[in-house]
Amino acid sequence: MDNYSDIDRKRPEPPIKRYRRNDESGSSASDDDSYVPYVPVKERKKQQMMKLGRLTQLKEEFGQKGKSSSENEHDDEEEDGQVWGRKSNISLLDQHTELKKMAEAKKESAMERQLKEEEKILESVAEKKALMGVAELAKGIQYEDPIKTSWRPPRCVLNLPAHRHDRVRHKLRILVEGEDVPPPLRTFKEMKFPRGILAGLEAKGITKPTPIQVQGIPTVLSGRDMIGIAFTGSGKTLVFVLPLLMFCVEQEVRLPFIPNEGPYGLIICPSRELAKQTYDIVNHYSDSLRQQGLPQLRVVLAIGGVAVSESLEVINRGVHVMVATPGRLMDMLDKKMVRLDVLQVYLCMDEADRMIDMGFEEDVRTIFSFFKGQRQTLLFSATMPKKIQNFARSALVKPVTINVGRAGAASMNVIQVRSYVKQEAKIVYLLECLQKTSPPVLIFAEKKQDVDAIHEYLLLKGVEAVAIHGGKDQEERSRSVEAFRQGRKDVLVATDVASKGLDFANVQHVINYDMPDDVENYVHRIGRTGRSGRTGIATTFINKANDESVLLDLKHLLIEAKQKVPPFLAELQSENEKYLDLGDERGCSYCGGLGHRITDCPKLEAIQNKQASNIGRRDYLASNAADY
């Protein structure tokens, strides 16, 4: 018995069967967690379609949560009573319009966040030091009113209503900013130029002013400070040269310049070639004035490679206009060879943004310190990003900003051609490209050694070519440029020293041997053709070695110019493609590139990395110096 009892104790108890019962409280079977309620096929299909459809996706983006399955008959009903879906009482067109508005509202809010972030970045990198002289900053001198001049627009133009002037600007695509902007003038006679200036213009074949001249010349003649932005080849040089000569003639007639006096007008250029070209233009119109019986104006050229004694010979007799590069001008000011003590000086900086960008910023600020009084300041360029404009305004008095087209836009008269060429095949492909048009042709390369290699290759192939770059002496550079300009040579091979402001007649073709690292340099390069209303071709060699950010800028530059985008460029996509065009500000406000925003600007990143490495290097050197 004991054994059986032990067996009985070890035997497991039989499982207890459990039965589901509906209790009297009426609780449903849904109380069990594992219970899945039955949903009809029709409703399941509807939910699936809504989940896959664009409608539900947009509603979820705006925080509209779906309803539970127990409210299927109301799952498309909004809080305001509107019903969404295919079987609703609202037409699909109305639903689409409403959803589009909601999407735009969300997009605008994202744009606002992006713009605020960009404003912070631009403010953090903005130059805190004003572009003014040391004495003016120290004494807190600020000029409130522009310089007064004796010139006035014709009375018949002044009597016209303001909307007429706005209509003229709109027709010529002129954008102006500033207070009391002078009216635009459509002819040189309305600008009251003397017979000598008109004869000089006629000799050059210029019959009517370009858009930048229509608004720019009256602004300068009125004594206003100005920022002039227009595409390459639009006639910016005459905007500051002609009024300057008018002012100089007026000064000479009233009271002739005595020895060692002057200059009254100062023109600063970033390159020697551009300074020499500007000097020749000033001399041309000065000679035209002298031939009409007006006083002889003395003009001096001060650039590296030209003997200082030649400049001093003119300065000692009293000089009216001085055309200089920053380095030579700084040297002459430091050695007191020239003084800027005329009461009111006319200062013009051509290609101003390139000058500041090329590291001349401190030189320009030092030059400003030599002025003894107020000056009329003019800044001109084809590419002037917002950052440079804001910085430049610190040196101007109630400036007028005149913009013909977007700052940094390529000339619409240039047909831009892109060729995918491997690095090793570039120099061979050059000969094929030279066959596209008749000479003269300009070839640009980034490196000096590439310029020399191309020049040598073309000479071996029997092509009449010359070359210039920063490594050659000034005499050789001047001789090469003149030979090309006069048509004695067919091809000019150059670095970017020839890309800024130089005007060569009848250049039909520009070849970029390599795409520059900066899209602004690209705009200046191709601007050597398609000038003064003529059409030109620009061919650019591209391959995988090029930086993607520069190619993105090029892609959007082509789109802006309404030109064909090749497939290998069209495939490139920016991470922030949707933010490339925000309101009035397109592309990057730091460098002007259209393919990115300032939040991912490669130029800004490179500068910041360089500054950071320099700081680290200074700290390292300082710590080492402390050890000794």
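Residues numbered from 1 in each chain as written. Predicted model: local features only at pLDDT ≥ 70, side-chain atom pairs only at ≥ 80, totals over all residues. Heavy atoms only, no water.

Trainee: What is the right way to read the pairing of strand β6 (residues 345-350) from this model?
Mentor: For a regular strand, side chains alternate in direction, first toward one face of the sheet and then toward the other. Among the six residues that make up β6, six are buried, leaving the element largely enclosed by the rest of the structure. Side chains Val345, Leu347 and Met349 project from β6 onto one buried face, and the interleaved Tyr346, Cys348 and Asp350 project onto a second face that is buried too. Relative to β6, strand β3 (residues 265-268) runs parallel, the two being bridged by four bridges. Its bridge partner lying in β6, isoleucine 267 is registered against cysteine 348. Here β6 pairs with strand β7 (residues 375-381) via six bridges, running parallel. Paired with cysteine 348 across the two strands is leucine 378, which belongs to β7. (Buried < 20%, exposed > 50% of the residue type's maximum accessible area, 1.4 Å probe, protein only. Helix = DSSP H or I, 4+ residues; strand = E, 2+ residues; numbered from the N terminus. Pairing = 2+ DSSP bridges.)

Trainee: Explanation requested: the sheet that holds strand β14 (residues 536-542) in the structure shown.
Mentor: Working definition: the strands of a sheet are paired by backbone hydrogen bonds and lie parallel or antiparallel to each other. The strand order across the open sheet built from six strands is β9-β14-β13-β10-β12-β11, with neighbouring strands paired in parallel fashion. Looking at strand neighbours, the two that pair on one side only are β9 (414-420) and β11 (465-468), the edges of this open sheet. Ignoring which end each strand starts from, the neighbouring axes of this sheet average 20 degrees apart. As judged from the seven bridges shared by β9 and β14, these two strands associate in the parallel manner. Bridge pairing in β14 places serine 419 opposite phenylalanine 541. Packed onto the sheet, helix α18 (residues 474-485) meets β10 (441-444), β11 and β12 (491-494) and runs at close to 140 degrees relative to β11. (Axes fitted to C-alpha atoms, helices over the stretch in contact; angles between N-to-C directions. Contact = heavy atoms within 4.5 Å.)

Trainee: Explanation requested: the packing of aromatic side chains in the structure shown.
Mentor: Each pair of aromatic rings is reported with the distance of its centres and the angle of its planes. One pass over the full model with this rule turns up eight aromatic pairs. For the ring pair phenylalanine 188 and phenylalanine 193, a centre distance of 6.3 Å and an interplane angle of 45 degrees mean the geometry is tilted. Phenylalanine 188 sits in the buried class, given a relative accessible area of 5%. Assessed through its relative accessible area of 7%, phenylalanine 193 is described here as buried. Arranged with centres 6.0 Å apart and planes meeting at 85 degrees, the rings of phenylalanine 368 and phenylalanine 371 form a pair that is edge-to-face. In this structure phenylalanine 368 comes out as buried when scored by relative accessible area, which is 1%. Ring pairing ties together the aromatic residues Tyr429, Tyr513 and Phe541, which thus form one cluster. The side chain of lysine 426 reaches across the aromatic face of tyrosine 513, ending 5.2 Å from its centre. (Phe/Tyr/Trp six-rings, centres within 6.5 Å; stacked < 30°, edge-to-face > 60°. Lys NZ or Arg CZ within 6 Å of the ring centre and 35° of its normal.)

Trainee: How should the side chain of threonine 539 be read in this particular structure?
Mentor: Along the chain, threonine 539 turns up in strand β14. Within polar-contact distance, the side chain of threonine 539 engages the side chain of histidine 509 at 2.9 Å. Not counting residues within four places of it along the chain, the set of residues in contact with threonine 539 comprises Val417, Ser419, Cys433, Lys436, His509, Val510, Ile511 and Asn512. (Polar contact = N/O pair within 3.5 Å; in protein donor to acceptor, adjacent residues only side chain to side chain.)

Trainee: In this structure, what is going on with the pattern of salt bridges? I would like to understand it.
Mentor: Pairs can form between side chains of opposite charge whenever their charged atoms are close. Within this structure, the stated rule accounts for 14 salt bridges. Aspartate 166 is the salt-bridge partner of arginine 169, the closest N and O atoms lying 3.1 Å from each other. Highlighted residues: arginine 169 and aspartate 166, both in helix α7 (residues 162-171), separated by three residues, approximately one helical turn. Arginine 485 is the partner of glutamate 482 in a salt bridge, and the nearest nitrogen-oxygen pair spans 3.6 Å. Taken together, the positions of glutamate 482 and arginine 485, both in helix α18 and three residues apart, correspond to about one turn of that helix. Under the relative-accessibility criterion, glutamate 482 is labelled partly exposed at 26%. Among the residues examined, arginine 485 registers a relative accessible area of 29% and is labelled partly exposed. Salt bridges linked by common partners bring Glu446, Asp496 and Arg525 together as one network. (Salt bridge = Lys/Arg side-chain N within 4 Å of Asp/Glu carboxyl O.)

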